[in-house]
Amino acid sequence: MKQLPPDTVRLLSSSQVITSIGNVVKELMENSLDAGASSIDVKLENFGLDRIEVRDNGDGVKAADAPVMAVRHFTSKISGHEDLERLETYGFRGEALGSICAVAEVTVTTKTEEEDISTQYTLDLTGAVVSQKPSHLGQALNPVLLELQTRSCWSSKPSPVRAPN
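All figures in this text were calculated on a predicted structure; none of them were measured in a lab.

## Structural notes on the overall build of the protein chain
Argument step 1. The helix and strand tally for the protein chain stands at four helices and six strands.
Argument step 2. Here the protein chain holds 165 residues, and the buried ones make up 38% of them.
Argument step 3. Contacts in the protein chain between residues at least 24 apart in sequence constitute 60% of all its contacts with a sequence separation of at least 6.
Argument step 4. Of the roughly 9600 Å² that the protein chain leaves accessible, carbon and sulfur atoms contribute 51%.

## Some details on helix α2 (residues 21-34)
Argument step 1. Compared with an ideal rise of 1.5 Å per residue, which puts 14 residues at 20 Å, α2 spans 20 Å between its outermost C-alpha atoms and is within 8% of the ideal.
Argument step 2. For α2, the complete set of buried residues consists of Ile 21, Asn 23, Val 24, Val 25, Glu 27, Leu 28, Glu 30 and Ser 32.
Argument step 3. Of the residues flanking the end of α2, it is Gly 36, one or two places downstream, whose phi is positive at about 85°.

## Let's talk about the confidence of the model for the protein chain
Argument step 1. Confidence in the prediction for the protein chain averages 77 pLDDT; 69% of positions are at 70 or higher.
Argument step 2. Mean pLDDT across the secondary structure elements of the protein chain bottoms out at helix α4 (residues 152-155), with 43, and peaks at strand β5 (residues 129-134), with 95.
Argument step 3. Across residues 152-165 the pLDDT falls below 50, and counting only partners more than four positions away or on other chains, this stretch makes 27 contacts in the model.

## Looking at the pairing of strand β1 (residues 40-45)
Argument step 1. The pairing of β1 with strand β2 (residues 51-56) spans six bridges and is classified as antiparallel. Across the sheet, residue Lys 43 finds its bridge partner in β2, namely Glu 53.
Argument step 2. Hairpin connection from β1 to β2: five residues lie between these consecutive antiparallel strands, with Asn 46 at a positive phi of about 55°.

## A word on the pattern of salt bridges
Argument step 1. All told, the structure shown has five salt bridges when counted by the stated rule.
Argument step 2. Arg 55 is the partner of Glu 53 in a salt bridge, and the nearest nitrogen-oxygen pair spans 3.0 Å.
Argument step 3. A relative accessible area of 7% means that Glu 53 is categorised as buried.
Argument step 4. For Arg 55, a relative accessible area of 30% puts it in the partly exposed group.

## As for helix α3 (residues 96-103)
Argument step 1. Summarising burial for α3: eight of the eight residues are buried, a large majority.
Argument step 2. Of the residues making up α3, those classed as buried are Ala 96, Leu 97, Gly 98, Ser 99, Ile 100, Cys 101, Ala 102 and Val 103.

## Topic: unusual backbone geometry
Argument step 1. Here the phi dihedral of Asn 46 falls at roughly 55°; this positive angle occurs in a residue that is not glycine.
Argument step 2. Within the secondary structure, Asn 46 is located in the loop between β1 and β2.
Argument step 3. The phi dihedral of Phe 47 is positive, around 60°, even though this residue is not glycine.
Argument step 4. Note on placement: Phe 47 falls in the loop between β1 and β2.
Argument step 5. A relative accessible area of 63% means that Phe 47 is categorised as exposed.

## Observations regarding the pairing of β5
Argument step 1. With zero of six residues buried, β5 lies mostly on the surface of the structure.
Argument step 2. Hairpin remark: strand β4 (residues 119-123) followed by β5, antiparallel, with five residues in the connecting loop; positive phi at Gly 127, about 95°.

## Here we look at the environment of Glu 88
Argument step 1. Looking at the secondary structure, you find Glu 88 in the loop between β2 and α3.
Argument step 2. For Glu 88, a relative accessible area of 76% gives the class exposed.
Argument step 3. Expressed as a C-alpha distance, the spacing of Glu 88 and Asp 34, which sit 54 residues apart in the sequence, is 8.8 Å.

Criteria and cut-off values
Residues numbered from 1 in each chain as written. Predicted model: local features only at pLDDT ≥ 70, side-chain atom pairs only at ≥ 80, totals over all residues. Heavy atoms only, no water. Helix = DSSP H or I, 4+ residues; strand = E, 2+ residues; numbered from the N terminus. Buried < 20%, exposed > 50% of the residue type's maximum accessible area, 1.4 Å probe, protein only. Contact = heavy atoms within 4.5 Å. Areas by Shrake-Rupley, 256 points an atom, 1.4 Å probe, with all protein chains shown as cover. Expected span 1.5 Å × (residues − 1). pLDDT = per-residue confidence, 0-100. Pairing = 2+ DSSP bridges. Salt bridge = Lys/Arg side-chain N within 4 Å of Asp/Glu carboxyl O.

Below, the structure written as structure tokens:
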């Protein structure tokens, strides 16, 4: 026996959370609802195989939380197992966005009510922020835009994410 490489483990683990394009959209919509969004706009290119874009008017991600917003098992919903009894959100494990990062190029543009301008964050396959810059969304009230561009594994190699028929 031999240990699997970390990238393979990450991709296989992600396939337990992210099973289809529809599941990706569901997870992102649940994140939007958990953030208090009253409006969610979803756009798909090539049925979501080339691009998924989700825009909402939720609370946004605080700048202090941005470095870990997609790192697996980081969450703002619970602090320990006892919180599970009082849970009132769709997501709480801190797995969805990190799992999506393993199979897609992820860009998050976000702004909180306290911030003057939105920031665009580019995430790597581990969910770590690799770049950030002011966004063209500017000063709109709490824009949250999550863009997913497919990694090559979705279209050219066998992948644990199932394409629609």
